Amino acid sequence: MKSKNIQLEIEDIEYPNIGIARYNSKKLKIKNTLPDQKVNLFLKRRKAILIGIAEKSPKEIMPKCIIFDKCGGCTYQNLEYTDELELKKYMVLSLFEKSNISNFDFLGIEGTPNESYRNKMEYSFGDEYKDGPLSLGLRMSNAFYQVVNNKDCNIVDNDFNTLLFFVLDFFKDTAETFYNRKNHTGTLRYFVIRKGINTGEIFLNLFTTSTFSTNLDNFVKQILNLKINAKIVGIIHTISDNVADTIFPQITNYLYGNNHYIESVFGLKFKIYPMAFFQTNTKGAEILYNHVLDFLKQCEKINIVYDLYCGTGTIAQIVSGVAKKVIGIDIVEESIIAAKENTQINNITNCHFFCGDVKDALSNIEDVPDVIILDPPREGLHPKALKKVLDFNVKEIIYISCKPTSFVKDLLVFIENGYKLKRLQLVDMFPRTAHVEAIGLIVNY
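Let me sum up the structure you'll find in this document. (Residues numbered from 1 in each chain as written. Predicted model: local features only at pLDDT ≥ 70, side-chain atom pairs only at ≥ 80, totals over all residues. Heavy atoms only, no water.)

What the eight strands build is an open sheet, ordered 7-22-23-21-20-17-18-19; its pairing is mixed. With partners counted over all chains shown, the strands left at the sheet margins are strand 7 (105-110) and strand 19 (351-355), one partner each. Averaged over all adjacent pairs, the angle separating strand axes in this sheet is 15°, with direction ignored. Summarising the sheet, strand 20 (residues 371-374) and strand 21 (residues 396-401) pair through four bridges and their orientation is parallel. (Pairing = 2+ DSSP bridges. Helix = DSSP H or I, 4+ residues; strand = E, 2+ residues; numbered from the N terminus. Axes fitted to C-alpha atoms, helices over the stretch in contact; angles between N-to-C directions.)

What follows covers the environment of lysine 221. Tracing the backbone through its elements, the reader meets lysine 221 in helix 3 (residues 217-224). Once the C-alpha coordinates of lysine 221 and lysine 47 are considered, the two residues, 174 residues apart in sequence, prove to be 53 Å apart.

It is worth spelling out the sheet that holds strand 11 (residues 188-195) at this point. The strand order across the open sheet built from seven strands is 10-9-8-11-12-13-14, with neighbouring strands paired in mixed fashion. Looking along the sheet, the strands with just one partner apiece sit at the ends: strand 10 (147-148) and strand 14 (251-257). Sheet topology note: the strand 13 (residues 231-239)/strand 14 ladder contains six bridges and is antiparallel. What sits directly across from isoleucine 236, in strand 14, is tyrosine 254. Strands in contact with helix 2 (residues 158-172) are strand 8 (120-127), strand 9 (134-139), strand 11, strand 12 (201-208) and strand 13; relative to strand 9, the strand with the most contacts, it is inclined by about 145°. (Contact = heavy atoms within 4.5 Å.)

A cis geometry characterises the amide bond from tyrosine 15 onward to proline 16, with omega recorded as -5°. Within the secondary structure layout, proline 16 lies in the loop between strand 2 (12-14) and strand 3 (18-23). Non-glycine residue histidine 184 carries a positive phi angle of around 60°. Relative to the helices and strands, histidine 184 resides in the loop between helix 2 and strand 11. By relative accessible area, which is 42% here, histidine 184 ends up partly exposed. (Buried < 20%, exposed > 50% of the residue type's maximum accessible area, 1.4 Å probe, protein only.)

In this section: the side chain of serine 124. Summarising the element assignment, serine 124 is placed in strand 8. A polar contact is formed between the side chain of serine 124 and the side chain of arginine 139, at a distance of 3.3 Å. Each residue touching serine 124, except ones within four places of it in the same chain, is listed here: Ser135, Leu136, Gly137, Arg139, Val147, Arg189 and Tyr190. (Polar contact = N/O pair within 3.5 Å; in protein donor to acceptor, adjacent residues only side chain to side chain.)

Another point: the packing of helix 8 (residues 383-392) against helix 9 (residues 404-416). Packing of helix 8 against helix 9 brings their axes to within 11 Å, and their N-to-C directions diverge by 35°. Of the two elements, helix 8 crosses helix 9, and the hand of that crossing is right-handed. Contacts between helix 8 and helix 9 involve Leu386, Val389 and Leu390 from the first element and Asp410, Val413 and Phe414 from the second. In the contact of helix 8 with helix 9, the residues fall into five nonpolar, no polar and one charged. (Left-handed = near helix turned anticlockwise from the far one by under 90°. Nonpolar A, V, L, I, M, F, W, Y, C, P; charged D, E, K, R; others polar.)

Set out below in structure tokens:
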């Protein structure tokens, strides 16, 4: 295939947000496109590089966000939400169809009720263009270093925007510079905001390198005087010189208030520490967990339930009211500590939590499960963990997945071992992005 510029129509779409076009009977995959768009492409060998949109899809609308074309945070600001849900449903069901997984009850896709849904944002320090002024926000679309900021981001509430621009303005008046991931210079790495949507508590975390030198007393004083609706309950300064983009805290300085914040779901309170996992969409999580509870109630026997990859024990405690005993396992020690504390806060006595890698920790649990709830990382189950789950030979498994391709991959292994998918429910936990959550009831009878 010779290098050339061409114009093609997007004929189909595959998860996650990969448009399909054809040229001389060859299938081309083009990211960040929509069905029925006409696109200008540069063909280089067998790869199609998107140059621009020549003609919009009939379903496209004017994005609410003024930097949608630059920011890498959203994918579908240019669609009505109902059309976004239909597109996600189509992409996920196509995965099952292509893998010959059928004869299950599809219960539909449920959307998120609030547009400003995110309870956590991890903002990066950088510059909008090379050698430009300091910026703080989200990484630019299709760029590795550049960062864009937006005073009116609509997937968070206005408190986030207020805090974001205070922090940016504060550090513009200092000698600190952003951490350059290429040459490993600079000090400012991330600013993380976490909020209890149902409690109104906000927790702030500033990430820097160890060469950061600004005294943060005035930073704390000014940030506490900001006019925001929520209540700041904790501010910490995390130091890490790790060269990788993934942050591993080396030193944590507690600048103000608590070392955690509280969120409330299903009438239960959850203490959440800085590095502990909690669903990014609180209202969406309530919808998700309600479907998990419904699936569990349909199981034949629920005396002993395993909650694997349990995080802070949210699901375990929610289902504890219908199970005789719940056992949760997670590899993050901070999450397990919080899970144990949360059961005390909520006066729950039938949940027991263990810290460890699921593939190893399962060998140390004596109780035999009736039902296993799985909520694995994006890449799905480790093969050894999957084998351990199969060895229990339980009749029902509830699989919660934030990456449907991983779910299908694992589901095919379950099917090879005598299981079948009985029910499937989709929940849109991440509106305006290509991500969607799937819940499957997998049975062996």
